[in-house]
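Working through the structure, step by step
Spelled out, the chains give:
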Amino acid sequence: SASTLVIKTVGLAMSVSSGLNAGKEGPFVHLAACLASILARMVPSIALDHVQVCEIVACASAAGVAVAFAAPIGGVLFAFEEASSYFPKHLVWRCFFCATLAALFLKTLNPFFNGK
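Here goes a summary of the coordinates provided.

What counts and what doesn't
- Residues numbered from 1 in each chain as written.
- Predicted model: local features only at pLDDT ≥ 70, side-chain atom pairs only at ≥ 80, totals over all residues.
- Heavy atoms only, no water.
- Helix = DSSP H or I, 4+ residues; strand = E, 2+ residues; numbered from the N terminus.
- Rg over C-alpha atoms; globule rule 2.2 N^0.38 Å.
- Buried < 20%, exposed > 50% of the residue type's maximum accessible area, 1.4 Å probe, protein only.
- Contact = heavy atoms within 4.5 Å.
- Areas by Shrake-Rupley, 256 points an atom, 1.4 Å probe, with all protein chains shown as cover.
- Lys, Arg positive; Asp, Glu negative; His and termini not counted.
- Charge placed at Lys NZ, Arg CZ, Asp CG, Glu CD.
- Core = buried A, V, L, I, M, F, W, Y, C linked by side-chain atoms within 4.5 Å.

Concerning the overall build of the chain
A count of helical and extended segments in the chain gives six helices and zero strands. From first element to last, N terminus to C terminus, the chain shows the α and β order α-α-α-α-α-α. What you see for the chain is a C-alpha radius of gyration of 15 Å, in line with the 13 Å of a compact globule of 116 residues. Each of the three principal axes of the chain carries a C-alpha extent, and together these read 40 × 30 × 25 Å. Among the 116 residues that make up the chain, the fraction classed as buried is 30%. The long-range fraction of contacts in the chain, counting pairs at least 24 apart against all pairs at least 6 apart in sequence, stands at 51%. As displayed, the chain has an accessible area near 7600 Å², and 71% of this comes from carbon and sulfur atoms. Within the chain, the 5 negative side-chain charges are centred at a point lying 10 Å from the centre of the 7 positive side-chain charges.

Brief notes about the nonpolar core
Counting residues in each nonpolar core, the largest one holds eleven residues, listed as Ala58, Cys59, Ala62, Ala66, Val76, Ala79, Phe87, Leu91, Cys95, Ala99 and Ala103. Going through the elements one at a time, helix H4 (50–69), helix H5 (72–83) and helix H6 (89–109) are the ones with two or more residues in this core. Once residues lying within four places of it in the same chain are set aside, the contact partners of Ala79 are Ala58, Ser61, Ala62, Ser84, Phe87 and Cys95.

Concerning the environment of Ser84
Structurally, Ser84 is set in the loop between H5 and H6. Take Ser84: its relative accessible area is 17%, and that puts it in the buried class. Residues Ser84 and Val57, 27 residues apart in the sequence, show an inter-C-alpha distance of 8.5 Å.

A look at the side chain of Glu55
Note on placement: Glu55 falls in helix H4. Judged by relative accessible area, which is 14%, Glu55 ranks as buried.

Here it is as structure tokens:
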């Protein structure tokens, strides 16, 4: 829900900026899944199909793991293991595509400006 997204975003920003050793990986995945669910439900043709919404959330969780750990294949494995109860072959490629784009986007942004 939107309230969960806002609270997680504020909490993640505060905990990471204060230097707490709480871990940003879990909230990153949850933020990506919440945002994907909200955006998927805004599109009327997708909102009526529960299977498509679940597939979009699985792809978003793969992208969240890929950004948190800079590991696209790890994101796909996470989505396969945790985010989806039914994982057809086409979803593997969609998750891999989303996770790869997310990792490349993070690499392009280079948030630490250290060249790594």
